[in-house]
Amino acid sequence: MNDPFFTDLPPVTRYSSLIQSGNYTPLPKNWCVAVSDIQLSTRHIEYGDIRAVNISGAMIIAALLNRFSDHDLPFQFTGDGSMIAFPRDLKPDAEQIIMGCRQLAKKAFQLDLRAGIVDLSDDEFADDQFRVAKFQLSPSVHHAAFAGNGFQKLEELIKKQNPLFANLSPKKSIKPDLSGLECRWNAFPADK
């Protein structure tokens with residue numbers, strides 16, 4: 001059953017409204033957050049692999065949105081990784097999809113995609129804030145904005161390869177459907 005949490009959030013239409021904490025709503029405790037990060041992404045970018053890093057960093061977003069297309073899921077892309085929130089009942093499939101993304105990043109680009117899922121009801125996150133706002137760009141396009149120390153904590157943990165993310169061990173992986181995922185940046189030389 002589709003959880004209407006993000007669909008039903010009242011949108012903000014002014015970008016400047018995103019700095020106001022009152023426009024953010026806590027994610028439900030029965031939701032999860034998947035987080036990913038490309039190991040050694042700065043080095044890979046210096047070697048000219050920015051497209052591979054960007055595509056691999058966005059893989060879990062595209063794959064989960066394609067798999068759960070009947071759900072409105074908030075996400076953020078960070079260039080060399082991403083975060084996406086979803087109801088807990090989607091977690092078994094999400095684990096298999098994320099394993100498929102990790103395998104694909106390794107096979108296609110020789111990149112180590114660190115990725116995992118945390119359940120917001122875990123005691124580890126009892127005191128952390130995971131809040132989201134919906135920014136309406138047009139009548140048919142909206143984006144999520146994340147706020148709260150919980151998201152910062154997840155980013156720090158995944159970069160440190162925290163054992164918290166070692167729990168991602170489904171019996172099988174699902175080949176990710178990456179339909180619609182593309183990197184449209186023109187190539188340009190890096191200054192540093």
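The preceding data block contains the structure.
Residues numbered from 1 in each chain as written. Predicted model: local features only at pLDDT ≥ 70, side-chain atom pairs only at ≥ 80, totals over all residues. Heavy atoms only, no water.

Caption draft 1: Here's a closer look at the sheet that holds strand S6 (residues 131–138). Pairing is antiparallel in the open sheet, where three strands are placed in the order S1-S6-S7. Only two strands of the sheet have a single partner each, and these edge strands are strand S1 (25–26) and strand S7 (141–147). Bridge count between S1 and S6: two bridges; the pairing is antiparallel. Its bridge partner being in S6, Pro26 is matched across the sheet by Arg131. (Pairing = 2+ DSSP bridges. Helix = DSSP H or I, 4+ residues; strand = E, 2+ residues; numbered from the N terminus.)

Caption draft 2: Quick peek at the pattern of salt bridges. Within this structure, the stated rule accounts for five salt bridges. Across the pair Lys153 and Glu124 runs a salt bridge, and its minimum N-O distance is 3.8 Å. With a gap of 29 residues between them, Lys153 in helix H4 (residues 149–159) and Glu124 in the loop between strand S5 (113–119) and S6 connect regions that are remote in the sequence. Classification of Lys153 as partly exposed rests on a relative accessible area of 21%. Overall, Glu124 belongs to the partly exposed group, its relative accessible area being 43%. (Salt bridge = Lys/Arg side-chain N within 4 Å of Asp/Glu carboxyl O. Buried < 20%, exposed > 50% of the residue type's maximum accessible area, 1.4 Å probe, protein only.)

Caption draft 3: Geometry of the packing of aromatic side chains. According to the stated counting rule, one finds five aromatic pairs in the structure shown. Consider the rings of Phe5 and Trp31, whose centres lie 5.3 Å apart with planes at 70°: the pair is edge-to-face. One end of the pair, Phe5, is in the segment before S1; the other, Trp31, is in strand S2 (residues 31–38), with 26 residues separating them in the sequence. In terms of burial, Phe5 and Trp31 fall into one category: buried. Clustering of aromatic rings is evident, with ring pairs tying together Phe125, Phe130, Phe146 and Phe151. Sitting above the plane of the Phe6 ring, Lys134 keeps its charged end 5.4 Å from the centroid. (Phe/Tyr/Trp six-rings, centres within 6.5 Å; stacked < 30°, edge-to-face > 60°. Lys NZ or Arg CZ within 6 Å of the ring centre and 35° of its normal.)

Caption draft 4: Spotlight on the environment of Arg67. Mapped onto the elements, Arg67 comes out in helix H2 (residues 50–67). Remark: the alpha-carbon pair of Arg67 and Ile97, spanning 30 residues in sequence, is separated by 8.6 Å.

Caption draft 5: Representation of the sheet that holds S2 within the structure. Read across the open sheet, the four strands follow the order S3-S4-S2-S5; overall the sheet is antiparallel. This sheet does not close on itself; its edge strands, each paired only once, are strand S3 (75–77) and S5. Across the sheet, the mean angle separating the axes of adjacent strands is 10° when strand polarity is ignored. The strands that helix H3 (residues 91–109) touches are S2, strand S4 (81–87) and S5; relative to S5, the one it contacts most, it runs at about 170°. Helix-sheet contacts for H4 involve S2, S4 and S5, and the interaxial angle to S2 is about 45°. (Axes fitted to C-alpha atoms, helices over the stretch in contact; angles between N-to-C directions. Contact = heavy atoms within 4.5 Å.)

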